[in-house]
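This is what each chain is made of:
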Amino acid sequence: MSVITPLCIKHYPDVVLDVVLASVAKHVLDDSPMATPRLTHTDSRAENPPNAPINPCHPGATINELNVSPSASLTARLDESVSGLTIATKPLTDLSSAEPCQTTMTRASTTYIQSQLSSITTAVELARQSGKPLTSEALLSMIASKFTLALTAKSSFEGTVMHKLDGLYDQGAMTQQIAQEVLKLQKQMKDRLILIQSKTEAILTQQLELTEYPIPRLFIVLPEEPAKYDPGNWFRTKFRLHFICECGKHTEANNSKEPHHLHLAKHGGYLIREPTELFKKYGPFLLLMLELIKFGTSIAGHVVPTLASLKVVELADSVQQSIESVTAKIDYSLECIDNQLSKVQASSPGDFISTEPRAAMTQQDLTDFLSDVEGLEGVELRQLGSFLKTSEDENLLGNLYRMATSDGHVKWVCHDHYRASYQEKYTQKLRDVVKLAEGELYEQLGRVEIVLTSKFAAAEFYNALSKAKGVLELIMDLSWDCTRSDLDELEDALKTSRVSVLRLDLRRFRISLGNRLLSTSAQYEALFRLRELPTVKITHIILPKEFIKFLSVQPKTSSHLCKLSFELSPGSIGGKEFERLAEALKTNSTLTTLDLQHNSIGDNGAQALSEALKVNSTLTTLDLQHNSIEDNGAQALSEALKTNSTLTTLDLRSNSIWFKGFLPFSEGLKTNSTLTTLDLRDNLIGDNVAQALSEALKTNSTLTTLDLQHNSIGPDGAQALSEALKINSTLTTLNLRSNSIWFKGFLTFSEGLKTNSTLTTLDLRGNLIGDNVARALSEALKTNSTLTTLDLQHNSIGPDGAQALSEALKTNSTLATLDLQHNSIGPDGAQALSKALKTNSTLTTLNLYYNGIGDYGARALSEALKTNSTLTTLALWRNSIGPDGAQALSEALKTNSTLTTLNLMRNPIKDNGAQALSEALKTNSTLTTLDLSNNSIAPDGAQALSEALKTNSTLTVLNLSNNSLGPDGAQALSKALKTNPTLTTLDLSNNSIGPDGAQVLSEALETNSTLTTLNLYYNGIGDDGARALSEALKTNSTLTTLDLWRNSIGPDGAQALSEALKTNSTLTTLNLMRNSIKDNGTQALSEALKTNSILTILYLSNNSIGPAGAQALVETLKTNSTLTTLDLQHNSIGPDGTRLLSEAIKRNSVVR
């Protein structure tokens, strides 16, 4: 389809002024037959011949006739092109339901210019027909008015076009010149659109695999609120990142009525930490995405309607924004990209000396700017998270779901389009099966993590997996003595699924006797067949040590591209087995992870592995912790590091390597170009080795994580590391926990932090850091722009140190987690931190456990919480906070809108404090976890909390353990449980609720539909309480974990519980430790377990169980296929009972 260019106003010397329309495919040439000389001069006084040229700027000159009748063929092409520019005028409710614009290379700006020029042509013709032809002044005035109006409404490139035309008008240029300039600029505009369109198409049609796609890849950045652009202060604006739903033909179902057009995700967006850095890194990509959303397109099955054709846009569920507002925000972001295109930037942010925004860019400038724009992949997408302000438990998915197309490629789509692609009934069945197996279904990621403990459980899961097409990544442990036939069943299930990444734990796999008689390659054929599955692109399998000889088997070439890798975790390994392993590594091409921890391989083993690593080309992870490796072994490994090109992770913790061994090891790091993670904790490093490692860090360009904790590193070693940090550009995580660096060492170390631009996580726990060191670190934090996590727990920081750190927090823009637990900052330190929290906009987690801040400190922090908008987790346990402090925190919670976790464990807030917090819970809508254990709360406090829970709709976890609630407190809480819609975990352990408390709780459980975990440890509920709870379990359909440890439950209580287990369909964990159920109780439970197919974990230790009870359990294990954990410690089952149970467990394929 052609794209219309503006009217070409052509002046033919000595003949005529002709106005024609031209298509992109073929501009009208000067000698075109369409250039018919039909223009005549109407001034009868003129003596010029009929064919004399006319000066259109001469006063009085008129345009009498205009050729607007192009040839039929051109008219047909014109009609076709114009039809492609049509945008439906049907009112639209949101971006996802918009009618698509069918043009392939147009933008609203192009259409606008064309329409203005067309209206001028029409006006000239109408004037001619009326007998009152326009004068040249009138024509120029009309052109000027049309485009001057446009200038006030346009910006960027379009604005530049209008500005240049105005310049021509000001100079009194002839219409011919104006027309030529319009044509020239329109061609530039078309070339620019073609370039942008081609880049956009490359991004939208990019096909990515699952591992390259950890989060959504299409996004734009918008200011929180529309504002007038200020080039000197734009970087102070708050921006949010919004993801884009990638729906299209791949999400269309036969019966789906949902429109399938790319649109902004219904999500509030993510706050951006450093807008200038984000625009600098992603500017070209953002330019394409912003114009895509604003102007629309239709490319390769992806459709985006123009923003102007919509009515509203939803940037969050049920929160609509006008098109004018969203357009203004997009324009603002585009202005920011202009700002980032400056050639010269002054030292202060936002102060630009000279700029060359995209509006003034030449075609070559634009080509250069967009030259590196490609679709974002794994590393770039993971880096995106570092620019965003998110809490620890917040995912970076923007309410989008990961799905696979029919050809196996990955897309991120909104929930509506996700549901349109997969049948809900099959997805719900998968949810149920995974929950039953205590697995995890991460529906947005399309990932399942599950441990299957029997053939029965596996069969149920395979059936659900094959029907629910939403599983893309499967992490599965076949945790029974499975065999080849079990792998065959797995293979059949995967054939009909869309699993792209398979991680399979087969450590309990057993080769049957019949298979052992086959050749080595035939024995393992089932493993190799897994990579022949058409949808699976990555297969990783964990093998037992019996598979060492398997490593020598070379797999056949796969019929399709599939990355097959293995991990060996042999546990204890003998000498001959180790020799076979080391030899196999030299030729093996599939093993990627080798775990040899706790094997005492010593220097000889390390030397053998070193020889293998010199030629091995697949191993990426090697764990050699606790292996008695000394200097010679380390020296051998260092030689391997010089040539090995695949190893990325090496764990040498807890060996006995000294300076002599680490010196050559450091030399190996200087040239190694693959190792990213090195764990050297608990060795004998000291200052000399630290200095050697520092020299290596100055040139090494790959290491990102270095663990040096507990290594006797002193000031000199710290100084050496500081010098390395000044020039190293890759290290992101450094652990220096429990060393002896002292003040002098930290003073120089802090200097390194001031200029380092890569370190994000620093662990300095247990280093005797005092106020002076805290001051030095504070100075570093004022200029450091990368550190996000700083761990200073278990040091000696006091109020002055906290004051210094607080000053840094006022200006630091990256630190998200600060751990100060077990210091001595006191009330004054808390006061200082509170002042910082009032202005800080990045910190999300603050741990002040055991700092003695008291009520005064709690009040200060509460004031900060009233205005702070980023902190999500605050730990204040064991801080001597009483009722007054709790009251202050309560006031803060009434207005705070970000805190999700508050830990007040082991503080004496008492009933008054609980009552105050309860008032806040009635209105607070963000807190999800509240820990009030060990707080001297009595029934009155429980009553207040109960009233709050009746209306609160966000709290999911409430810990009230080790208080004094008693039966009355339990009764109050049970009333709340009957109506509360969100609480999932309730801990009432050690509260003396007794049988009566258990009775009222059981009544609540009969109707409650959200609680999944109930802890009643050490409450003296006895048999009566157990009977009451048993009645509730017969009807309750949500509780999965019940803890009745140490509750004086005897055989009668166990009998009641057994009756409940016969019908209950949700309880998976039952803890009866330290009761007195004896043999009779055990026999009763055993009968229930013969039919129960849900319970997987049963704790019966310390229950006075004898041989008769053991015998009953033996009979149960013959038929039960779901129990995976049975704890019988500290009973009296005797030798015969032990023997019988051992034999039963061997026959049972599940219990461990």
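Residues numbered from 1 in each chain as written. Predicted model: local features only at pLDDT ≥ 70, side-chain atom pairs only at ≥ 80, totals over all residues. Heavy atoms only, no water.

An unreviewed UniProt entry lists the chain under the name RNI-like protein, with Linnemannia hyalina given as the organism. Recorded under Subcellular location (unreviewed entry), the UniProt text for the chain is reproduced unchanged: "Cytoplasm, Cytoskeleton". (UniProt positions renumbered as here; feature names shortened; annotations may be inferred.)

Before going further, it helps to examine the overall build of the chain. Check the secondary structure of the chain and you find 37 helices and 42 strands. Taking the intrachain contacts of the chain between residues at least 6 apart in sequence as the baseline, contacts between residues at least 24 apart amount to 82%. With an accessible surface of roughly 46,000 Å², the chain has 50% of that area assigned to carbon and sulfur atoms. (Helix = DSSP H or I, 4+ residues; strand = E, 2+ residues; numbered from the N terminus. Contact = heavy atoms within 4.5 Å. Areas by Shrake-Rupley, 256 points an atom, 1.4 Å probe, with all protein chains shown as cover.)

This brings us to the pairing of strand 18 (residues 447-452). Alternating positions in strand 18 separate cleanly, Val 448, Ile 450 and Leu 452 being buried on one face and Arg 447, Glu 449 and Val 451 remaining unburied on the opposite face. Examined bridge by bridge, strand 17 (residues 440-442) and strand 18 share three bridges and lie antiparallel to one another. For Leu 441, the partnering residue across the bridge sits in strand 18 and is Val 448. Turn length for the strand 17-strand 18 hairpin, with the two strands adjacent in sequence and antiparallel, is four residues, and the turn residue Gly 446 shows positive phi of about 70 degrees. Direction of pairing for strand 18 relative to strand 19 (residues 473-478): parallel, over a ladder of six bridges. If you follow Arg 447 over to strand 19, its bridge partner there is Glu 473. You can see the chain leave strand 18, run along helix 12 (residues 455-467) and come back into strand 19, and the turn it takes is right-handed. (Buried < 20%, exposed > 50% of the residue type's maximum accessible area, 1.4 Å probe, protein only. Pairing = 2+ DSSP bridges. Right-handed = clockwise from strand over helix to strand, strands pointing away.)

So, about helix 17 (residues 575-585). Every buried residue belonging to helix 17 is among Phe 578, Leu 581, Ala 582, Ala 584 and Leu 585, and all of these are buried. Looking straight down helix 17, one finds its buried side chains confined to an arc of 160 degrees; they lie on one side. Turned more than 90 degrees from where helix 17 packs its buried face, Lys 576 and Glu 579 sit exposed. Where the residues of helix 17 are buried, they touch strand 22 (563-568), strand 23 (591-595) and helix 18 (602-615). (Arc of directions from axis to C-beta.)

With that settled, the discussion passes to the pattern of salt bridges. Overall, the coordinates contain 42 salt bridges when judged by the stated rule. With its nearest N and O atoms 3.9 Å apart, the salt bridge here joins Glu 449 to Arg 447. Residue Glu 449 is classed as partly exposed on the basis of its relative accessible area, which comes to 28%. A residue is classified by how much of its surface remains accessible, and Arg 447, at 22% relative accessible area, is partly exposed. Between Glu 583 and Lys 586 there is a salt bridge, and its shortest N-O distance comes to 3.6 Å. Relative accessible area serves as the criterion here: at 48%, Glu 583 is assigned to the partly exposed category. A relative accessible area of 35% means that Lys 586 is categorised as partly exposed. Connected through salt bridges with shared partners, the residues Arg 402, Arg 447, Glu 449, Glu 473 and Arg 503 form a single ionic network. (Salt bridge = Lys/Arg side-chain N within 4 Å of Asp/Glu carboxyl O.)

Turning to the packing of aromatic side chains, a few remarks are in order. Per the counting criterion, the structure on display carries 13 aromatic pairs. Arranged with centres 5.0 Å apart and planes meeting at 40 degrees, the rings of Phe 219 and Phe 285 form a pair that is tilted. Residue Phe 219 is located in strand 5 (residues 219-223), and its partner Phe 285 is located in helix 6 (residues 275-295); the two are separated by 66 residues in the primary sequence. Relative to Tyr 850, the ring of Tyr 849 lies with its centre 5.8 Å away and its plane at 35 degrees, an arrangement referred to as tilted. Residue classification places Tyr 850 among the partly exposed residues on the basis of a relative accessible area of 32%. Between the NZ or CZ atom of Lys 281 and the centre of the ring of Tyr 282, over which it lies, the distance is 5.6 Å. Over the face of the ring belonging to Tyr 850 we find Arg 878, whose NZ or CZ atom lies 4.1 Å from the ring centre. (Phe/Tyr/Trp six-rings, centres within 6.5 Å; stacked < 30°, edge-to-face > 60°. Lys NZ or Arg CZ within 6 Å of the ring centre and 35° of its normal.)

Non-glycine residue Asn 990 carries a positive phi angle of around 55 degrees. Within the secondary structure layout, Asn 990 lies in the loop between strand 37 (985-987) and helix 32 (994-1005). Here Arg 1074, not a glycine, exhibits a phi torsion of approximately 60 degrees, which is positive. You can see Arg 1074 is positioned in the loop between strand 40 (1069-1071) and helix 35 (1078-1089).

So, on to the environment of Asp 940. Residue position: Asp 940 is located in helix 30 (residues 939-951). When the C-alpha atoms of Asp 940 and Ala 914 are compared, they prove to be 8.6 Å apart, with 26 residues separating the residues in sequence. Every residue in contact with Asp 940, bar those within four places of it in the chain, is listed here: Asp 911 and Gln 915.

For the pair helix 19 (residues 631-643) and helix 20 (residues 659-671), the least separation of the axes is 8 Å and the interaxial angle reads 10 degrees. Accordingly, the angle class assigned to the pair helix 19 and helix 20 is roughly parallel. Taken together, the residues of helix 20 that come into contact with helix 19 (itself represented by Asp 631, Ala 634, Gln 635, Ser 638, Leu 641 and Lys 642) are Lys 660, Gly 661, Pro 664, Phe 665, Gly 668 and Thr 671. (Axes fitted to C-alpha atoms, helices over the stretch in contact; angles between N-to-C directions. Parallel < 35°, antiparallel > 145°, perpendicular 65-115°, else oblique.)

Relative to the helices and strands, Ser 454 resides in the loop between strand 18 and helix 12. Here the side chain of Ser 454 touches Ser 1121 through a polar contact of 3.1 Å, landing on its backbone oxygen. (Polar contact = N/O pair within 3.5 Å; in protein donor to acceptor, adjacent residues only side chain to side chain.)

The next thing to look at is the confidence of the model for the chain. Across the chain, the average pLDDT comes to 79, with 74% of residues at 70 or higher. For residues 1-110, every residue scores under 50 in pLDDT, and the model assigns this stretch 207 contacts once sequence neighbours within four places are set aside. Of the regions scoring below 50 in pLDDT, residues 343-357 engages in 27 contacts with residues more than four places distant in sequence or in other chains. (pLDDT = per-residue confidence, 0-100.)

This paragraph deals with the side chain of Ser 989. Among the structural elements, Ser 989 can be located in the loop between strand 37 and helix 32. Looking at Ser 989, its side chain comes within polar contact range of the side chain of Asp 987, at 2.8 Å. Beyond its immediate sequence surroundings of up to four residues, Ser 989 is in contact with Ser 961, Asn 962, Asn 1015, Leu 1016, Tyr 1017 and Asn 1019.

What follows covers the packing of helix 24 (residues 771-783) against helix 25 (residues 799-811). The N-to-C vectors of helix 24 and helix 25 enclose an angle of 5 degrees; their axes lie 8 Å apart at closest approach. As judged from the angle between their axes, helix 24 and helix 25 are roughly parallel. Every residue of helix 25 that contacts helix 24 at Asp 771, Ala 774, Arg 775, Ser 778, Leu 781 and Lys 782 is listed here: Asp 800, Gly 801, Ala 804, Leu 805, Glu 807, Ala 808 and Thr 811. Per-class residue counts for the contact of helix 24 with helix 25 are five nonpolar, three polar and five charged. (Nonpolar A, V, L, I, M, F, W, Y, C, P; charged D, E, K, R; others polar.)

Looking now at the pairing of strand 21 (residues 538-543). Most of strand 21 sits out of view: six of its six residues are buried. Of the two faces of strand 21, both are covered, the one formed by Ile 538, His 540 and Ile 542 as well as the one formed by Thr 539, Ile 541 and Leu 543. Note: strand 20 (residues 501-505) against strand 21, five bridges, orientation parallel. Bridging across to strand 21, Val 501 finds its partner in Ile 538. Sheet analysis places strand 21 next to strand 22, joined by six bridges and oriented parallel.

Once that is clear, we can look at the environment of Thr 621. Position of Thr 621 among the secondary structure elements: in strand 24 (residues 621-623). Spatially, the C-alpha atoms of Thr 621 and Leu 591 are 9.5 Å apart, while their sequence positions differ by 30 residues. Excluding residues within four positions of it along the chain, Thr 621 makes contact with Thr 592, Thr 593, Leu 594, Leu 647 and Thr 649.

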